[in-house]
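A look at the structure
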4 protein chains.
Amino acid sequence: MARVDLNSDLGESFGIYKIGNDEAVISYVTSVNIACGFHAGDPLVMEDTVKKALENNVAVGAHPGFPDLLGFGRRNMVISPREAKAYIIYQVSALNGFVKALGGEMQHVKPHGALYNMAAKDYKLARAIAEGVFAVDREIILMGLAGSQLIKAGKEIGLRTASEVFADRHYTSEGVLVSREIAGSVIHDKEEAAERVLEMVLQGQVSALDGGKINLQADSICVHGDNQEAKELVEHIRKVLNDAGIKVMALKQR
Amino acid sequence: MARVDLNSDLGESFGIYKIGNDEAVISYVTSVNIACGFHAGDPLVMEDTVKKALENNVAVGAHPGFPDLLGFGRRNMVISPREAKAYIIYQVSALNGFVKALGGEMQHVKPHGALYNMAAKDYKLARAIAEGVFAVDREIILMGLAGSQLIKAGKEIGLRTASEVFADRHYTSEGVLVSREIAGSVIHDKEEAAERVLEMVLQGQVSALDGGKINLQADSICVHGDNQEAKELVEHIRKVLNDAGIKVMALKQR
Amino acid sequence: MARVDLNSDLGESFGIYKIGNDEAVISYVTSVNIACGFHAGDPLVMEDTVKKALENNVAVGAHPGFPDLLGFGRRNMVISPREAKAYIIYQVSALNGFVKALGGEMQHVKPHGALYNMAAKDYKLARAIAEGVFAVDREIILMGLAGSQLIKAGKEIGLRTASEVFADRHYTSEGVLVSREIAGSVIHDKEEAAERVLEMVLQGQVSALDGGKINLQADSICVHGDNQEAKELVEHIRKVLNDAGIKVMALKQR
Amino acid sequence: MARVDLNSDLGESFGIYKIGNDEAVISYVTSVNIACGFHAGDPLVMEDTVKKALENNVAVGAHPGFPDLLGFGRRNMVISPREAKAYIIYQVSALNGFVKALGGEMQHVKPHGALYNMAAKDYKLARAIAEGVFAVDREIILMGLAGSQLIKAGKEIGLRTASEVFADRHYTSEGVLVSREIAGSVIHDKEEAAERVLEMVLQGQVSALDGGKINLQADSICVHGDNQEAKELVEHIRKVLNDAGIKVMALKQR
């Protein structure tokens, strides 16, 4: 039976600052990626978010990022592999402390923002991240962009990996995401998005924006649910997946 | 056979900034307290310091502090018990990630600076810290000022505790340290300091500055070794302890 | 003719995090206090907020706080007078850079949160803050709690001061604010609040919660406008002031 | 009469962390670049360093950098021109507050580390920095790498600029510094370094590592003085300049 995971980013509040709509989003997904205090999140937010995830039986993942709260981890930073590995160990272990204290188990790690994007293309950085995850616990699943250097590095080091796809984004014929800044890169039609999801999950392929089909493993679909359009999209995707007999479940349950 | 631990603060560098003389100090002690990135330390420094400690067969402890790098964690901050507990879980878990990745085991947690001093007197804060340590791993030893609220809270919650004493500081008849700002509070004569250590370790008591003897358990002695006077003091203490047949060993080895 | 200033805290967003409803609030007040990057605010937010204030012909003030973004500057921190003075010079000058670059002039400085509250009672801290403001520009008005040590220190050093009162808070017979945590300390009836404002502005006195009248200079009234109740309160206060022939105007216009 | 400025980076300590040898260096130079709290420095350090510079009659400049204390501003970060301009206004104004409070006047601004290097090549970033400086005070001199985009942007916007050269570094035939990581890029022979300085100052040219001469304006020479080799180099350069009748003086004195 075909199956797929739905993941979303949570726990991105900081101090007095609230962001996102975690309560709503959590009911749509099977896995959550929780910020670890570098680009977003703080110890109280982390504790609350882990608690919420465990109460909702949603699988918990760490969402480590660059040490750039001011830029929300979305700005490229050139850090060394040694720094990357140590930043991963630090952040993943810090979140893992809350997960274990609350009786849970960490399912996966997915790098955030610019770190995610840079690690998709830069093997050395990807390798360092994979080494960091492996150093904390080799049972943790490494989630990254389908077809990326991060997935490659994770496999080489011996980690279980999860290839992530995007329902509402176009890909190039080389398998990378088309930048949001390019017109037509974001798919706003929920029917089209859901169809693409089906093709990715069932056939492991999808149409590229510049023509032809690309191969793409789809272990997890990145969704948001913090605005009306995102909410309708994820609800429609769940319906279509369900109608097609595809089971939506967390990665670790496989 | 009488025994005692010698501990020192390590891993307080940050980024390009180097502080302390970790290589020298590590050879004098049996336990080290490693900063966790809030008041000092960073992921690379933490990794290096844990590695150094393990290579030197010195027991590793976490040294969590206030989120105040600018003030080196030495400035009192009023935080809630919930914040204190979460800050402890975050910092201790982050350091523990490096300890485990490098094949070690965390022996103890000792709060740093203003957090240590405030937790010596404030039971609610002390309790929150103890709960944080307990949540991470109930096998970790909680180190605090001998006779403090922190030791009391640790015992009540079911943690093994280690009472810390100071070789070169005077106590009041109520068992608290005389402030460094008061003339005569610091003992500069190494013979006198070593004699006091012997009395604390063997008889569980010491003379108060304002007269009389106070009872004081001495599981671990706080030492420094980053300047010539500190180095001579710790060497002299080790010699005197040795001559008296007192074994200097890490807490966990008991 | 009687006159009074209405002030509100603005520019408290940080990076991706948005807080408050600056556009709405700005239309109700004559002066704004803008965060300077320590407890809230960042360079882009500061620039945007100063621009907005100048476009709305609202007087600009700096709102410096403790270096504690995680606690939004609301947690007491023990800093030395030297630190306080230097933190004030740094933050006020940074904001002043944007004010001048955009063709404006800084009217006042009002410390934020815990720094405001501590400086109300602690003369040494208050004096250091006043010295910092004086060092930047002795024409800047220092705003503080009516009757506080901050107002006293500002006057002694030769600064023009502005005594701030609260429309919806009770005072003790000693002239300090009753803690929000005490039942009955916050006034929810807008008629009662407006009546108190009138009495403070016209007669320089108000009823204390524990009986009797206290003297209180009212140069500026602290208002909020970021929720429905706050909005209705400030609108009602403006109406009552207007009906009484009291002119609502910025401090510097006097 | 030929003249040249000697500049050095100062005020890079932070909190308890001390770095550099500011007292020694200050006696060798005519201008200093003072960190502003983003990549290094803090309000107390800034105040102390400005005071020291003014007491030694050395011209004061701001040394703004990336918001990356952990990486000492040496790591490339991708920030937008709007962010760059606002970060410059913030940092330069903050330092300027101390300069004015202590009775001085800011001579120049020189970006630090990775910001300096990126602005040497990236015109948009360079332009944003120049706009930031111009917004604070159009009398401030903008210092940058000789022949860089930063110098070009500064001139275009109407700022006075100062072209900086390096005594102990090789240039390519395109006029950019050869990376320190390339063998032979750093000149260790003080005679050779001083000869090159003379040629740059007197003839506006120097030999490129890959052959031929390049044109290079030399308004200021970057020196260090915090170790024995650096100290000997700067002393030798001063002697050679003096023997050649070249006056060593701050930029603003021209």
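Described in the following lines is the structure provided in the data block. (Residues numbered from 1 in each chain as written. Chains lettered and ligands numbered in written order. Predicted model: local features only at pLDDT ≥ 70, side-chain atom pairs only at ≥ 80, totals over all residues. Heavy atoms only, no water.)

A surface patch of negative charge is lined by Asp189, Glu191, Glu192 and Glu195 of chain A. Tracing the sequence through the fold places Glu192 of chain A in helix H7 (residues 190-203). (Patch = residues over 30% accessible without salt bridge, like charges linked within 9 Å, V, L, I, M, F, W, Y side chains within 5 Å. Areas by Shrake-Rupley, 256 points an atom, 1.4 Å probe, with all protein chains shown as cover. Salt bridge = Lys/Arg side-chain N within 4 Å of Asp/Glu carboxyl O. Lys, Arg positive; Asp, Glu negative; His and termini not counted. Charge placed at Lys NZ, Arg CZ, Asp CG, Glu CD. Helix = DSSP H or I, 4+ residues; strand = E, 2+ residues; numbered from the N terminus.)

Another point: the environment of Leu177 of chain B. All names here are of chain B. Considering the arrangement of structural elements, one finds Leu177 in the loop between strand S6 (161-166) and helix H7 (190-203). Distance in space between the C-alpha atoms of Leu177 and Leu209 is 9.6 Å, their sequence separation being 32 residues. In this structure Leu177 touches Leu145, Phe166, Arg169, His170 and Tyr171, once residues within four positions along its chain are discounted. (Contact = heavy atoms within 4.5 Å.)

What follows deals with the interface of chain C and chain D. Counting from both sides, the interface comprises 21 residues of chain C and, opposite them, 21 residues of chain D. Each partner contributes to the roughly 1800 Å² buried at the junction of chain C and chain D, and carbon and sulfur atoms together form 67% of this total. The largest contributions to the chain C side of the interface with chain D come from Leu44, Arg82 and Tyr90 of chain C, which together make up 34% of the buried area. Put simply, chain C and chain D have four salt bridges between them. Its salt-bridge partner being Arg82 of chain D, residue Glu47 of chain C comes within 3.4 Å of it at the nearest N-O pair. For the pair chain C and chain D, the interface holds six residue pairs in polar contact (both at pLDDT 80 or more). When contributions to the side of chain C that touches chain D are tallied by element, the ones reaching two or more residues are helix H2 (43-55) and helix H3 (81-101) of chain C. Taken together, the residues that form the side of chain C that touches chain D break down as 13 nonpolar, three polar and five charged. (Buried area = accessible area lost by both parts, 1.4 Å probe. Polar contact = N/O pair within 3.5 Å; in protein donor to acceptor, adjacent residues only side chain to side chain. Nonpolar A, V, L, I, M, F, W, Y, C, P; charged D, E, K, R; others polar.)

Residue and element names in this part refer to chain B. In a regular helix each residue adds 1.5 Å, so 16 residues correspond to 22 Å; helix H8 (residues 228-243) covers 22 Å between its end C-alpha atoms and thus fits that length. Listed in full, the buried residues belonging to H8 are Ala230, Leu233, Val234, His236, Ile237, Val240 and Leu241. Around the axis of H8, the buried residues are gathered within 160° of arc, so they sit on the same side. Those residues of H8 that are exposed and angled more than 90 degrees off the buried face are Asn242 and Asp243. The elements touched by buried residues of H8 are strand S1 (3-10), H7, strand S9 (220-222) and strand S10 (247-248). (Expected span 1.5 Å × (residues − 1). Buried < 20%, exposed > 50% of the residue type's maximum accessible area, 1.4 Å probe, protein only. Arc of directions from axis to C-beta.)

Let us look at the relation of the copies chain C and chain D. Note on the copies: chain C fits chain D at an RMSD of 0.0 Å, the axial shift is 0.0 Å, and the rotation between them is 180°. Interpreted geometrically, this transformation is the action of a two-fold axis. Judged by C-alpha distance, Ala94 of chain C is the residue of chain C that lies nearest the rotation axis, at 2.2 Å. Taken as a fraction of all interface residues of chain C, those also at the interface in chain D reach 100%, which identifies the copy contact as same-surface. (Least-squares fit on C-alpha atoms with pLDDT ≥ 70 in both.)

Glancing now at the relation of the copies chain B and chain A. The operation linking the two copies of the chain is a rotation about an axis combined with a translation along the axis. Between the two copies, chain B and chain A, the superposition gives an RMSD of 0.0 Å; the rotation angle is 180° and the shift along the axis is 0.0 Å. Looking at chain B, 100% of its interface residues are interface residues in chain A too, so the copies touch through the same face.

With that settled, consider the pairing of strand S5 (residues 141-145) of chain B. Residue and element names in this part refer to chain B. Within S5, five of the five residues are buried, which leaves it mostly tucked inside the rest of the structure. Judged from the two bridges that link them, strand S4 (residues 106-109) and S5 form a sheet pairing that is parallel. Across the sheet, the residue bridging to Val109 is Leu142, located in S5. Pairing of S5 with S6 involves four bridges; the strand directions are parallel. Opposite Leu142, over in S6, you have Thr161 as the bridge partner. Regarding the hand of the β-α-β motif, the stretch spanning S5, helix H6 (residues 149-157) and S6 is right-handed. (Pairing = 2+ DSSP bridges. Right-handed = clockwise from strand over helix to strand, strands pointing away.)

What follows concerns the interface of chain B and chain A. Contacts between the two partners involve 21 residues from chain B and, on the opposite side, 21 residues from chain A. Taken together, chain B and chain A are joined by four salt bridges. Remark: the boundary between chain B and chain A carries six residue pairs in polar contact (both at pLDDT 80 or more). Going through the elements one at a time, helix H2 (43-55) and helix H3 (81-101) of chain B are the ones with two or more residues in the side of chain B that touches chain A. Sorting elements by how many residues they give to the side of chain B that touches chain A places H3 of chain B first, with 12 residues. The residue inventory of the side of chain B that touches chain A, partitioned by class, reads 13 nonpolar, three polar and five charged.

Here we take up the pattern of salt bridges. A full pass over the atoms with the stated rule returns 46 salt bridges over all chains. Put simply, Arg82 of chain B and Asp48 of chain A hold a salt bridge, and the shortest N to O gap is 3.1 Å. One end of the pair, Arg82 of chain B, is in helix H3; the other, Asp48 of chain A, is in helix H2 (residues 43-55), on a second chain. Between Arg127 of chain A and Glu131 of chain A there is a salt bridge whose closest N-O contact spans 3.1 Å. Here Glu131 of chain A and Arg127 of chain A lie together in helix H5 (residues 123-136), a separation of four residues that amounts to about one turn.

Below, the discussion takes up unusual backbone geometry. Negative phi characterises most residues that are not glycine, and trans characterises most peptide bonds. Its identity is not glycine, yet Phe72 of chain B carries a phi of approximately 55°, on the positive side. With respect to the helices, strands and loops of the structure, Phe72 of chain B is situated in the loop between strand S3 (59-63) and H3. The phi angle at Asn57 of chain D is positive, at roughly 55°, despite the residue not being glycine. Here Asn57 of chain D is to be found in the loop between helix H2 (43-55) and strand S3 (59-63).

Attention now goes to the side chain of Asn96 of chain B. If you trace the backbone, Asn96 of chain B turns up in helix H3. When residues no more than four places from it in sequence are discounted, the contact partners of Asn96 of chain B are Met106 and Val136 of chain B.

Moving on: helix H5 (residues 123-136) of chain D. All names here are of chain D. Helix length check: H5, at 14 residues, gives a terminal C-alpha distance of 20 Å against a target of 20 Å (1.5 Å per residue), a fit within 8%. Listing the buried residues of H5 in full gives Leu125, Ala126, Ala128, Ile129, Ala130, Gly132 and Val133. Residues of H5 that are buried sit in contact with helix H3 (81-101), strand S4 (106-109), helix H4 (113-121), strand S5 (141-145) and helix H6 (149-157). A distance of 3.0 Å separates the backbone nitrogen of Lys124 from a side-chain oxygen at the start of H5, and that oxygen is part of Asp122.

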